[in-house]
Amino acid sequence: MSSSESRPSVGAGARTRSKRAAPLLNDALREAAGLVARVAAGRSFSVELERRAERHSATAQPAVLDLCYGTLRGYGRVQAIVAALSRRRRPDPDIEPLLWCSIYAIQSGRYADYTVVDQAVQACDRIGKRTPKAYVNAVLRTYLRERDSLEARLAASPEFRYQYPRWWIERVGAAYPDAWQGILDAGNTHPPMGLRVNRRRVTPAAYADKLALAGMSARRVGECGLLLERPISVNELPGFLEGEVSVQDAGAQLAARYLDLADGQRVLDACAAPGGKCTHILESSSVSLTALEVDPARRARIEKNLARLDLRARVVTADCSRLTDWWDGVPFDRILADVPCTASGVVRRHPDIKWLRRETDVALFAARQASILDALWRVLAQGGKLLYVTCSVFPEENDAVVGAFCARTPKARRLDLPDRTPAQLFPDADHDGFYFALLAKQT
């Protein structure tokens, strides 16, 4: 998401450009409303973007992406506003998303208010709905007149204030009573665009110089990471196609370091797609790596990343917990278990997750995670290490799963992370939210 979610500055210049580009806004609103409508119907935004790219052989325009991400981040807010202004008993599934996106467009400050109203009304024609034009016009104009008083009335709602379902707010609040508001607010910010420099090709310092020559500013983070000051398309990155750099969150880059890798080890990446962590492992050490992925389409993404970086691994389509489908009987020295989870730590990259998840999903993921741990422990060599990773902030998927596993597994010993860094990382200006637990198999 970060590679394509470039946000222009807001101000007089931005508003002037928006007014000149007004005829294009109704197209962007129409397309964004269609994507948001599919998310509201329970579909993944990432999947919908991929399908759109396949149909049109191109990525969505920046304006469309901005409208989608902004609307989905503030979904609880725009939904509450439209519900308060609408008197319809049966909301139109095509028009309501158009209103949500239009409310965000007004709030963003990128466009003159009258431009958004005019273009939203025109978008009704593009959607093929002429009758609701008066309705759309009335709702948006009423919002402009009553904006301050309306938002003041709605501010008492936690969903409106924090932009999460109530159950999510309550879980985070109970788990982190001193930090919950900051965690929730961070999940509504724009994510940093992290880069991982391939040290087999170039040093981080030398690559930072390349960025500077291309007019891009970045700062160092971690051993081989850089944070771009402004998100850009990957195609603009110097040396990207040549394998000099990959887009990867700075928090995700910790996994290769925490695994305590050494040349010659036999390593398993049990849930490898899209391949960021397994390629980092191969960039870090000369190991024999097996990468598993249950989804054939996602497996293709691993192979594409390996090819771009000119790296070699055994890539297998298999469920990591079904050992008979893929294991050859030889134990692994290191295992990366980047397990499926609620992804509650990366919602600023995938804002639809907040609204697609259900509270019951937390327990379902925890049960799956426990099953994966039990299976992978059987293929870990004596004296080997397993790194358990989630991109979740819910303790039920993290400390609870690891604690229960250690309690029922006599030879499992939890190790301190390097520099005694905390297991739980919360999203901040440098990285997304992750959890790490390093387990050793005692002899």
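The coordinates are above.
The text that follows walks through the structure, step by step, so that each part is easy to find. Residue numbers here run from 1 along each chain, matching the order of that chain's written sequence. Confidence filtering applies because this is a predicted model: local features only for residues at pLDDT of at least 70, side-chain atom pairs given and counted only at 80 or more, and all residues used for totals across whole chains, interfaces and linings. To get the side-chain values, take all heavy atoms of the structure and skip hydrogens and water.

**A few points about the overall build of the protein chain**
Keep this limit in mind: By definition, any uninterrupted DSSP run of H or I lasting at least four residues is a helix, any uninterrupted run of E lasting at least two residues is a strand, and each is numbered from the N terminus. C-alpha atoms define the radius of gyration, and 2.2 Å times the number of residues to the power 0.38 defines the globule rule. The buried label goes to any residue with under 20% of its type's maximum accessible area, the exposed label to any with over 50%, and the partly exposed label to all in between, with areas taken from a 1.4 Å probe on protein chains only. Only heavy atoms enter the contact rule, under which two residues are in contact if any of them lie within 4.5 Å. The accessible surface values rely on the Shrake-Rupley method and a 1.4 Å probe; as for residues, cover is taken only from the protein chains in view. Neither His nor the chain ends contribute to the count of charged residues, in which Lys and Arg are positive and Asp and Glu negative. A charge is said to be at NZ when it belongs to Lys, at CZ for Arg, at CG for Asp and at CD for Glu.
Counting secondary structure elements, the protein chain contains 18 helices and 12 strands. Computed over the C-alpha atoms, the radius of gyration of the protein chain is 23 Å, within 12% of the 22 Å expected from 2.2 N^0.38 for a compact globule of 443 residues. Looking at the protein chain as a whole, 53% of its 443 residues are labelled buried. Restricting to contacts in the protein chain with at least 6 residues of sequence separation, those with at least 24 account for 74%. Surface exposure of the protein chain reaches about 19,600 Å², of which carbon and sulfur atoms provide 50%. Of the charged side chains in the protein chain, 63 are positive and 52 negative, and the gap between their average positions amounts to 3 Å.

**A closer look at helix H12 (residues 204–213)**
Selection rule: Here, the arc refers to the directions that run from the helix axis to the C-beta atoms.
Listing the buried residues of H12 in full gives Pro204, Tyr207 and Leu211. For H12, the angular spread of the buried residues around the axis is 65 degrees, confining them to a single face. For H12, the exposed residues set more than 90 degrees away from the buried face come down to Ala212 and Leu213. Looking one or two places after H12, you find Gly215, whose phi comes out positive at around 80 degrees.

**Looking at the sheet that holds strand E2 (residues 218–221)**
In a beta sheet, neighbouring strands pair by backbone hydrogen bonds and run either parallel or antiparallel. Formally: Note: two strands are recorded as paired if DSSP finds a minimum of 2 bridges between them. Lines are fitted to the C-alpha atoms to define the axes, a helix being fitted only along its stretch in contact, and any angle between axes, read from their N-to-C directions, falls within 0 to 180 degrees.
Pairing in this open sheet of 4 strands is antiparallel, and the strands run E2-E3-E1-E4 from one edge to the other. On the outer flanks of this sheet lie E2 and strand E4 (245–247), each paired with one strand and no other. Taking the axes of each pair of neighbouring strands and ignoring which way they run, one obtains an average angle of 30 degrees across the sheet. Note that strand E1 (residues 193–197) and strand E3 (residues 225–228) share 4 bridges and pair antiparallel. Across the sheet, the residue bridging to Leu195 is Leu226, located in E3. Along the sheet face, H12 touches E1, E2, E3 and E4 and points at about 20 degrees away from the line of E3. The strands touched by helix H14 (residues 276–284) are E1 and E4; relative to E1, the strand with the most contacts, the crossing angle is about 30 degrees.

**As for empty space enclosed by the protein**
Selection criterion: Both site types are read off a 1 Å grid over the protein atoms alone. A 1.4 Å probe that fits but cannot get out defines a cavity, while an open set with protein on both sides within 12 Å along at least five of seven lines defines a pocket; lining residues have an atom within 4 Å of a point. Grid points are joined across faces, edges and corners, and a volume is the space filled by probe spheres set on the points. For this classification, the nonpolar set comprises Ala, Val, Leu, Ile, Met, Phe, Trp, Tyr, Cys and Pro, the charged set comprises Asp, Glu, Lys and Arg, and every other residue, Gly included, is treated as polar.
As enumerated under the stated definition, the model contains 1 cavity of 30 Å³ or more in all. By volume, the largest cavity amounts to about 70 Å³. At the level of secondary structure, the elements contributing two or more residues to the lining of the largest cavity comprise helix H10 (166–175) and helix H11 (180–186). Its residues assigned to classes, the lining of the largest cavity shows 9 nonpolar, 3 polar and 1 charged.

**Digging into the pattern of salt bridges**
Heads up, the condition is: A pairing counts as a salt bridge when a side-chain nitrogen of Lys or Arg comes within 4 Å of a carboxyl oxygen of Asp or Glu.
All chains considered together, the criterion is met by 32 salt bridges. Of the charged contacts in the structure, one is a salt bridge between Asp27 and Arg30, with a shortest N-O distance of 3.9 Å. Linking Asp27 with Arg30, this pair stays in helix H2 (residues 22–40), spanning 3 residues, or about one helical turn. Exposure remark for Asp27: the relative accessible area of 24% places this residue in the partly exposed category. Residue Arg349 pairs with Asp432 through a salt bridge whose shortest N-O separation is 2.4 Å. Placement of Arg349 in the loop between strand E8 (332–338) and helix H16 (353–356) and of Asp432 in the loop between strand E11 (424–425) and strand E12 (434–441) is noted, with a sequence separation of 83 residues between them. Connected through salt bridges with shared partners, the residues Asp249, Arg348, Arg349 and Asp432 form a single ionic network.

**A word on the packing of aromatic side chains**
What counts here: Each pair of aromatic rings taken from Phe, Tyr and Trp, with Trp reduced to its six-membered ring, is defined by centres within 6.5 Å and is described as stacked if the planes are under 30 degrees apart, edge-to-face if over 60, and tilted in the remaining cases. Two limits define a charge over a ring: the Lys NZ or Arg CZ must be within 6 Å of the ring centre, and within 35 degrees of the ring normal.
Tallied over the entire structure, the rule returns 14 aromatic pairs. Where Trp167 meets Phe394, the ring centres are 6.1 Å apart and the plane angle is 45 degrees; that geometry is what we call tilted. Residue Trp167 is found in helix H10, and its partner Phe394 is found in the loop between strand E9 (380–390) and helix H18 (399–408); the two are separated by 227 residues along the sequence. Judged by relative accessible area, Trp167 falls into the buried class, the value being 14%. Relative to Tyr435, the ring of Tyr388 has its centre 6.3 Å away and its plane inclined at 80 degrees; by these criteria the two rings are edge-to-face. Taken together, the residues span a long stretch of sequence, with Tyr388 in strand E9 and Tyr435 in strand E12 at a distance of 47 residues. Looking at Tyr388, the relative accessible area reads 0%, which means it is buried. Chaining the aromatic ring pairs together yields one cluster made of Tyr164, Trp167, Trp168 and Phe394. Against the face of Phe240 rests Arg308, its NZ or CZ located 4.0 Å from the ring centre. In this arrangement the basic side chain of Lys354 is found over the ring face of Tyr164, its NZ or CZ atom lying 4.4 Å from the centre.

**Looking at the nonpolar core**
Put simply, the test is: Nonpolar cores are built from buried Ala, Val, Leu, Ile, Met, Phe, Trp, Tyr and Cys residues. Side-chain atoms within 4.5 Å join them into one set.
Of all hydrophobic cores here, the largest spans 48 residues; its most connected members are Trp168, Ile281, Leu289, Leu387 and Phe436. Listed by contribution, the elements that provide at least two residues to this core are H10, H11, helix H13 (254–258), H14, strand E6 (288–293), helix H15 (296–309), E9 and E12. Those residues in contact with Ile281, other than ones at most four positions away along the chain, are Ala256, Leu259, Leu261, Val267, Val287, Leu289 and Leu336. Leu35, Leu49, Leu67 and Leu85 belong to the second largest nonpolar core, which has 46 residues in total.

**Considering the side chain of His431**
When you line up the elements, His431 lands in the loop between E11 and E12. If we ignore the near neighbours within four places in the chain, the residues touching His431 are Pro192, Asp249, Ala250, Gly251, Arg348, Leu425 and Phe426.

**Thoughts on the side chain of Asp319**
As a reminder, the rule being used: Here a polar contact is recorded for every N or O atom pair within 3.5 Å, except that within protein the pair must consist of a potential hydrogen donor and a potential acceptor, and residues adjacent in sequence are included only if both atoms are side-chain atoms.
Position of Asp319 among the secondary structure elements: in the loop between strand E7 (314–317) and E8. Among the polar contacts made by the side chain of Asp319, one reaches the side chain of Arg368 at a distance of 2.9 Å. Beyond its immediate sequence surroundings of up to four residues, Asp319 is in contact with Val294, Trp326 and Arg368.

**Comments concerning the state of the cysteines**
To be explicit about the condition: Counting rule for disulfides: a pair of cysteine sulfur atoms within 2.5 Å.
The full count for this structure, using the stated rule, is 0 disulfides. Considering cysteine sulfurs only, Cys101 is the nearest to Cys124, which forms no disulfide, with 12 Å between them. Owing to a relative accessible area of 0%, Cys124 belongs among the buried residues under this scheme. A disulfide-free cysteine, Cys391 has its sulfur positioned 3.5 Å from the sulfur of Cys341, the nearest such atom.

**Regarding the layout of surface pockets**
Considered as a void within the structure, the second largest pocket measures approximately 280 Å³ in volume. As for the second largest pocket, its lining consists of 18 residues, of which Gly222, Glu223, Gln253, Leu254 and Arg257 are closest to the centre. With 3 residues, the top contributor of residues to the lining of the second largest pocket is H13.

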